[in-house]
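Residue-level listing of the chains:
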Amino acid sequence: MKTRAEQVQMQIYENGDKRATLLPVSFEDWERKAKDTLAAGPFDYVHGAAGAGDTLKANLNAFQRYRIRPRVCCAVEKRDLSVNLFGSEMPVPFLLAPIGVNSILHSEAETAPARAAAELGVPYVLSQVSTKSMEEVADVMGEGTRWFQLYPPRDHELTKSFLGRAEAAGYQAIVVTVDSPLLGWREKDLNNAYLPFLKGEGCGNYFSDEVFLSRLEQPPQKDVKAAAVKALEEGNHKAFTWKEFEFIRQQTSLPLLIKGVTHPEDAALAIEHGADGIIVSNHGGRQLDGAIATLEALPSIRDRVDGRVPILMDSGIRRGADILKAIALGATAVLIGRPYAYALAVAGESGVKEVMKHLIAELELELALSGRGSIKEVDESLIMKVD
Ligand SMILES: Cc1cc2nc3c(=O)[nH]c(=O)nc-3n(C[C@H](O)[C@H](O)[C@H](O)COP(=O)(O)O)c2cc1C
């Protein structure tokens, strides 16, 4: 019987004559096609990073410093990609990362990746700054696993409202992003004078929230810019502290993850203040330029956390090999960001599905060719550091 990976490969090889009209395979081709599809503003919004882009580059380069050291003659007919997170079995060790304001990429906005994820059984982390509301997204996902990402609002009543709505709409975990108390210095967006939120995009959760609406002098229909500015102010909580994190902890019984940690001391503090999971992330290099790459940060966080809570990571995952390396260094699962954003721009739901199918196929092959039959067998012995 053919493996999933072999089926995907054969489908592509057998359609060789139509190749030019088919969807891309490599990350670089998706990125190129997205550039052809989108205007400069939206493309650069996804592609760009903070400052000189040093952290974005560092994220990618870090993967080059580790190589997989395969074992051979290991009988790899069975390949198990599943992992367990918070008591739930996930078919693959990746989730779709929260990416806001998808309406700049595709008319279906967040409902497209949400549908694609639900169909493949991949968990979807919905950004708080989505253009579709969390309820609209939940509606298209059926039983699909969904988590909700929160940019902690300054207003505690709004925090409670978002959390209550997420729970009611079937979101199964909360991700609090803490690396963005201010918007990073994004040179491309500044150059394009591009901030889609000012036009009310990415405000779906705010503009459908009773608490938020009650704080406005005019409804968004009358003054969209003022409403959007208010939403942006809520989303950049400059006075956020561990005490505020604890407040969120007290408001929900769902698993609570913290996203944006790269220092082992912060990982320890997060657990102390009630986090059930750590997401090692630097926002894909979009916030603090010059910051440490996440793959570099992972081992010290793994050692400090010492198995107390699961560690997830993102920022730079492009291919199956990257996923294996992150797992080898201590991640239980990873989050996929830009690859699916580009695919969404190029081909909507089917593009996102294609990217995930390819990642699954490639990961399965990488696992087998490295001599392992299961993700559970992946540990540091899989890789070696080269300098
Ligand atoms: C266009 C774009 C929008 C993003 N929006 C959010 C967001 O709303 N909330 C969040 O926590 N992270 C957001 N992120 C960060 C991603 O969740 C993730 O950390 C990042 O994409 C990982 O880097 P990579 O895409 O280079 O792998 C965004 C990233 C991009 C590229």
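Right, let's walk through the structure included here. (Residues numbered from 1 in each chain as written. Predicted model: local features only at pLDDT ≥ 70, side-chain atom pairs only at ≥ 80, totals over all residues. Heavy atoms only, no water.)

On to the site of the ligand. Surveying the vicinity of the ligand reveals 23 residues, the closest of which are P98, S127, T177, D314 and R338. In the environment of the ligand, a nitrogen atom lies 3.4 Å from a nitrogen or oxygen atom belonging to the side chain of H283. G316 is positioned with one of its backbone polar atoms (N or O) 2.9 Å from an oxygen atom of the ligand. Taken by itself the ligand offers 610 Å² of open surface, and the protein chains cover 99% of this. Because more than half of its atoms lie within 2 Å of the grid, the ligand is assigned to the largest pocket. (Near = heavy atom within 4 Å. Polar contact = N/O pair within 3.5 Å; in protein donor to acceptor, adjacent residues only side chain to side chain. Areas by Shrake-Rupley, 256 points an atom, 1.4 Å probe, with all protein chains shown as cover. 1 Å grid on protein atoms, 1.4 Å probe; cavity = no way out; pocket = protein on both sides within 12 Å on 5 of 7 lines; lining within 4 Å. Sits in = over half its atoms within 2 Å of the grid points.)

Take the side chain of H106 next. Position of H106 relative to the elements: it lies in the loop between β4 (94-96) and α5 (111-120). A polar side-chain atom of H106 sits 3.0 Å from the main-chain amide nitrogen of E108. Sequence-distant contacts of H106, that is, excluding residues within four places in its chain, are made with L344 and G348. (Helix = DSSP H or I, 4+ residues; strand = E, 2+ residues; numbered from the N terminus. Contact = heavy atoms within 4.5 Å.)

Our next topic: the pairing of strand β9 (residues 277-280). Residues G277 and I279 line one face of β9 and the alternating positions I278 and V280 line the opposite face, and both faces are buried. Sheet topology places strand β8 (residues 256-261) next to β9; four bridges connect them, and they run parallel. When the bridges of β9 are listed, I258 appears paired with I278. (Buried < 20%, exposed > 50% of the residue type's maximum accessible area, 1.4 Å probe, protein only. Pairing = 2+ DSSP bridges.)

In terms of nonpolar packing, the biggest core is built from 114 residues, with F94, I278 and M313 touching the most fellow members. Here this core takes 13 residues from helix α16 (residues 338-369), the largest share from any one element. Look past the residues within four positions of I278 in its chain and what remains in contact with it is I258, V261, A267, A270, I271, V305, V309, P310, I311 and L312. (Core = buried A, V, L, I, M, F, W, Y, C linked by side-chain atoms within 4.5 Å.)

Vacant regions in the atomic arrangement are exposed by a probe of water-molecule size rolled over the atoms. By volume, the largest pocket is sized at about 720 Å³. Around the largest pocket sit 41 residues that line it, and Y45, Y151, R186, H283 and R286 are the ones nearest its centre. When residues of the lining of the largest pocket are traced back to their parent elements, those giving at least two are α3 (40-47), α11 (224-235) and β11 (333-336). With four residues, the top contributor of residues to the lining of the largest pocket is α11. (Points joined across faces, edges and corners; volume = space filled by probe spheres on them.)

Pairing of side chains with opposite charge becomes possible as their charged atoms draw close. Taken as a whole, this structure holds 21 salt bridges when the rule is applied. K57 is the salt-bridge partner of D54, the closest N and O atoms lying 3.6 Å from each other. With a gap of three residues between them, D54 and K57 both fall in helix α4 (residues 54-64), about one helical turn apart. With its nearest N and O atoms 2.8 Å apart, the salt bridge here joins K353 to E119. With K353 in helix α16 and E119 in helix α5, this residue pair connects regions lying 234 residues apart in the sequence. Overall, K353 belongs to the buried group, its relative accessible area being 16%. Note on E119: relative accessible area 52%, which makes it exposed. A cluster of three or more residues bridged by salt bridges with shared partners is formed by E108, R115, E119, E349 and K353. (Salt bridge = Lys/Arg side-chain N within 4 Å of Asp/Glu carboxyl O.)

Assignment of secondary structure puts Q149 in strand β6 (residues 146-150). Note on Q149: relative accessible area 1%, which makes it buried.

Here A226 shows up in helix α11. The spacing of A226 and G100 is 126 residues in sequence and 20 Å in space, taken between C-alpha atoms.

This part is about the packing of α3 against α16. Here α3 crosses α16 at 160 degrees, and the two axes come no closer than 10 Å. The pairing of α3 with α16 is recorded here as roughly antiparallel in orientation. As α3 runs across α16, the sense of the crossing is left-handed. Taking contact as the criterion, the partners of F43, V46 and H47 in α3 are, on α16, R338, A341 and Y342. Here the contact of α3 with α16 is composed, by residue class, of four nonpolar, one polar and one charged. (Axes fitted to C-alpha atoms, helices over the stretch in contact; angles between N-to-C directions. Parallel < 35°, antiparallel > 145°, perpendicular 65-115°, else oblique. Left-handed = near helix turned anticlockwise from the far one by under 90°. Nonpolar A, V, L, I, M, F, W, Y, C, P; charged D, E, K, R; others polar.)

Let's shift gears to the packing of aromatic side chains. For the coordinates displayed, the defined rule picks out ten aromatic pairs. An aromatic cluster of three or more residues is present, and its members are F148, F162, Y171, Y206, F207 and F212. Here the guanidinium or amino end of R146 rests over the ring plane of Y171, the centre of that ring lying 5.6 Å away. Positioned above the aromatic ring of Y45 is the side chain of R286, whose terminal nitrogen or guanidinium carbon lies 4.9 Å from the ring centre. (Phe/Tyr/Trp six-rings, centres within 6.5 Å; stacked < 30°, edge-to-face > 60°. Lys NZ or Arg CZ within 6 Å of the ring centre and 35° of its normal.)

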